[in-house]
Amino acid sequence: MRRGGFFIFFMIFAAVSLLLDWYVFSGLRTLTADWQSRWRVALLSTFLILSIGATLTFVIGIAFTDTSRGLSQFHMWSLSVFMAFFVSKIVFVMVLSLGDLGRFVVGIASNAGKDGIEQSRPYFPERRKFISEIAVLLAALPFSGFFYAMFKGKYDYRVHRHDVYFKDLPEAFDGFTITQLSDIHAGSFDNADAVQKGIDKVIALNSDLFVFTGDLVNNTADEIEPYINRFGKIKAKYGQYSILGNHDYADYIQWDSEKAKAANLDTLKQHHKDMGFRLMLDENITLEKDGQKLHLVGVQNWGHGFIKVGDLDKALRGLDKDDFKVLLSHDPTHWEHVVRYHQNPVHLTLSGHTHGAQFGIEAAGFRWSPVKYRYLQWAGFAKEHNRKLYVNRGFGFLAFTGRLGIWPEITVLTLKKS
């Protein structure tokens, strides 16, 4: 059994979930009060078995199975099902508690100033069935949404197309297209055919340049091995380039030795090469078109609150202030804290890392995700003077084996001279 901060945190969640079960059960009893006995017992029993079973499976997965090598498919699925029940119960309880609060207020108002036999019997009105019906209907929305996210949403690849304008873009690169993927997290995949559909979309774009901005795996190099040939079919006229993300350094699992950990990173670097990706490690390369140049810069991971090994000064070595530069940097906090203030200006930075929390709302110009409370830039564009950042929402998923509202992204950027 594992002890520690995360264990205690998850146990608190499990305990809260069981308390929610008791309150939801009372609401379901009200809902089924006039049902035939067998149907009532069937519904109440099914709820308890599934909800408590989801909690116990989650607890067993965290407490009694090995997580030293990262989260397995079992861990991710048990966590995701638990969260589906937990959030749905929260919604149910919120609605039901508002109804009960109303009963409390009505009871107090009805009996204020009265005593003895003048007081209402019972003191509080009975809970109304329609409140439980509303609670069930509203709780069904997140419940069904979670399961859609787990079975469909996480492979619902969306292509985001954007024109990006710069005054000082070399004219030869006007109309130059860049396809970006980020956060593949191959260790989380559980449907190779669905992943292939996303890869096929990338290939069909036929962009001038392909870039990958980090987190190829969750923890270990072998996670990408079943997909090397698939991703290796991605080709672009001006090449395929990649960088490392925080998960690629395998800092979140236990290793027998630092030597074994270093060997894993070496193997991962080789896998980038096997896929035809040129891995950039604090360096730059020059792309030439019609005698004009665009400089592609790639840094290792640098993230506020995460591993900081990327060296932007080293990566920009040999480049002048007037050179047009596109930077690959996994974590958008690098742009926030370093890149946008750097004395050698970078025109466009491409990042990922946040996944958009894999959950949120993007509709009719409105955008929200809980990740906004952690990251200033978590999806799409940001701008500081003539320095621009684009944050990709991620191709894969991690921990929660699903996506809802924030769908997996394939980005196509077209450079334009303004």
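In every chain, residue numbers begin from 1 and rise along the written sequence. Only residues with pLDDT of 70 or above have their local features reported here, since the model is predicted, and side-chain atom pairs are shown and tallied only from 80 upward, although totals for entire chains, interfaces and linings are computed over all residues. Each side-chain value is derived from all of the structure's non-hydrogen atoms; neither hydrogens nor water enter the calculation.

**Some thoughts on the overall build of the protein**
Heads up, the rule is: We count a stretch as a helix when DSSP gives it H or I for four or more residues in a row; a strand needs E for two or more, and each element gets its number in order from the N terminus. Note on exposure labels: buried denotes an accessible area under 20% of the residue type's maximum, exposed denotes more than 50%, and partly exposed covers the range between, all computed with a 1.4 Å probe on protein chains only. Only the protein chains shown count as cover for residues, with accessible areas throughout obtained via the Shrake-Rupley method and a probe of 1.4 Å. Only four residue types enter the charge count: Lys and Arg as positive, Asp and Glu as negative, with His and the chain ends excluded. The atoms used to mark charge sites are NZ of Lys, CZ of Arg, CG of Asp and CD of Glu.
Looking only at helices and strands, the protein has nine helices and 14 strands in total. Along the three orthogonal principal directions, the C-alpha set of the protein runs to about 95 × 50 × 35 Å. Of all 418 residues assigned to the protein, the portion counted as buried reaches 51%. Split by element, the accessible area of the protein, about 19800 Å² in all, is 59% carbon and sulfur. Positive and negative charge centroids in the protein, built from 47 and 42 side chains respectively, lie 5 Å apart.

**A look at the pattern of salt bridges**
Rule in force here: For this document, the term salt bridge refers to a Lys or Arg side-chain nitrogen within 4 Å of an Asp or Glu carboxyl oxygen.
Under the counting rule described, the total for this entry stands at nine salt bridges. With its nearest N and O atoms 2.5 Å apart, the salt bridge here joins Lys 261 to Asp 251. Linking Lys 261 in helix H7 (residues 258–274) with Asp 251 in the loop between strand S4 (240–243) and H7, this pair joins segments that are 10 residues apart in sequence. Across the salt bridge formed by Arg 393 and Glu 409, the nearest N and O atoms sit 2.9 Å from each other. A residue pair is termed long-range when its members are at least 10 positions apart, and Arg 393 in the loop between strand S13 (387–391) and strand S14 (409–417) and Glu 409 in strand S14 qualify at 16 residues.

**Side note on the environment of Ser 132**
Counted only if it meets this: Contacts are assigned to residue pairs that have any heavy atoms within 4.5 Å of one another. Polar contact is the term for a pair of N or O atoms within 3.5 Å; when the atoms are in protein, one must be able to donate a hydrogen and the other to accept it, and sequence-neighboring residues count only if both atoms are side-chain atoms.
Within the secondary structure layout, Ser 132 lies in helix H4 (residues 129–151). Residue classification places Ser 132 among the buried positions, given a relative accessible area of 0%. Each C-alpha atom of the pair Ser 132 and Val 95 lies 8.0 Å from the other, and the pair is 37 residues apart in sequence. When near neighbours in sequence (up to four residues on either side) are disregarded, Ser 132 contacts Gly 27, Thr 30, Leu 31, Phe 92, Leu 96 and Arg 127. There is a polar contact of 3.0 Å between the side chain of Ser 132 and the backbone oxygen of Gly 27.

**Some remarks on the sheet that holds S13**
Stated formally: A strand pair is defined by DSSP finding two or more bridges across the two strands. In this analysis an axis means a line fitted to C-alpha atoms, helices contributing only their contacting stretch, and an angle means the value between N-to-C directions, from 0 to 180 degrees.
Taken in spatial order, the six strands line up as S6-S7-S8-S9-S13-S12 in an open sheet, and their pairing is mixed. One side of each edge strand has no neighbouring strand; the edge strands of this open sheet are strand S6 (283–289) and strand S12 (380–384). In this sheet, adjacent strand axes meet at a mean angle of 20° when their direction is disregarded.

**Section: the nonpolar core**
Stated precisely, the cut-off is as follows: Each nonpolar core is a collection of buried residues, namely Ala, Val, Leu, Ile, Met, Phe, Trp, Tyr and Cys, held together in the definition by side-chain atoms within 4.5 Å.
Leu 181, Phe 189, Val 195, Ile 224, Phe 231 and Phe 395 are the most contacted members of the largest nonpolar core, which totals 33 residues. Of all elements in the fold, only helix H5 (192–205), strand S3 (209–213), helix H6 (228–231), H7 and S14 reach the threshold of two or more residues within this core. If one sorts the elements of this core by residue count, H5 sits on top with five residues. With near-sequence residues (within four places) excluded, Val 195 lies in contact with Tyr 155, Tyr 157, Phe 189, Tyr 227, Phe 231 and Phe 395.

**Here's the deal with the pairing of S13**
With five of its five residues buried, S13 lies for the most part within the structure. Bridge analysis of S12 against S13 gives five bridges, and the strand direction is antiparallel. Within the sheet, the bridge partner assigned to Gly 380 lies in S13 and is Val 391. What sits between S12 and S13 in their antiparallel hairpin is a turn of two residues, with His 385 showing a positive phi close to 60°.

**Some details on the environment of Asn 219**
In this fold, Asn 219 is placed in the loop between S3 and H6. According to the relative accessible area criterion, Asn 219 is buried, its value standing at 7%. As a C-alpha pair, Asn 219 and Asp 251 span 32 residues in sequence and 7.6 Å in three-dimensional space. Not counting chain neighbours up to four residues away, the residues in contact with Asn 219 comprise Arg 69, Gly 70, His 247, Ala 250, Tyr 252, Ile 253 and Asn 264.

**Quick notes on the pairing of S14**
Most of S14 sits out of view: seven of its nine residues are buried. Bridge analysis of strand S1 (residues 158–166) against S14 gives nine bridges, and the strand direction is parallel. Residue Val 164 lies in a different strand from S14, and its bridge partner there is Leu 415. Looking at chain direction, strand S2 (residues 177–181) and S14 are connected through four bridges and run antiparallel. Bridging from a neighbouring strand, Thr 177 pairs with Thr 414 of S14.

**As for H5**
Threshold: Multiply 1.5 Å by the residue count of a helix minus one, and that product is the helix's expected span.
Compared with an ideal rise of 1.5 Å per residue, which puts 14 residues at 20 Å, H5 spans 20 Å between its outermost C-alpha atoms and is within 8% of the ideal. Listing the buried residues of H5 in full gives Ala 194, Val 195, Gln 196, Gly 198, Ile 199, Val 202 and Leu 205. The elements touched by buried residues of H5 are S1, S2, S3, H6 and S14. One side-chain oxygen at the N-terminal end of H5 lies 3.2 Å from the backbone nitrogen of Asp 193; it belongs to Asn 191. Directly after H5, the chain includes Asn 206, whose backbone phi takes a positive value near 50°.

**Re the sheet that holds S2**
The strand order across the open sheet built from six strands is S1-S14-S2-S3-S4-S5, with neighbouring strands paired in mixed fashion. Of all strands in the sheet, those with a lone pairing partner are S1 and strand S5 (278–279), marking the two edges. Against the sheet, H5 touches S1, S2, S3 and S14, its axis set at about 15° to S14.

**Concerning the packing of aromatic side chains**
Definition in use: Stacked, edge-to-face and tilted are the three classes for Phe, Tyr and Trp ring pairs, Trp counted by its six-membered ring, which pair at centre distances within 6.5 Å; planes under 30 degrees apart are stacked, over 60 edge-to-face, the rest tilted.
Tallied over the entire structure, the rule returns 25 aromatic pairs. For the ring pair Phe 176 and Tyr 238, a centre distance of 5.2 Å and an interplane angle of 65° mean the geometry is edge-to-face. Of this pair, Phe 176 sits in the loop between S1 and S2 while Tyr 238 sits in the loop between H6 and S4; the two residues are 62 residues apart in sequence, bridging distant segments of the chain. Judged by relative accessible area, which is 17%, Tyr 238 ranks as buried. Measuring from centroid to centroid gives 6.1 Å for Phe 189 and Phe 397, while their planes differ by 65°, and the two rings are edge-to-face. Placement of Phe 189 in the loop between S2 and H5 and of Phe 397 in the loop between S13 and S14 is noted, with a sequence separation of 208 residues between them. The same class applies to Phe 189 and to Phe 397, which are both buried.

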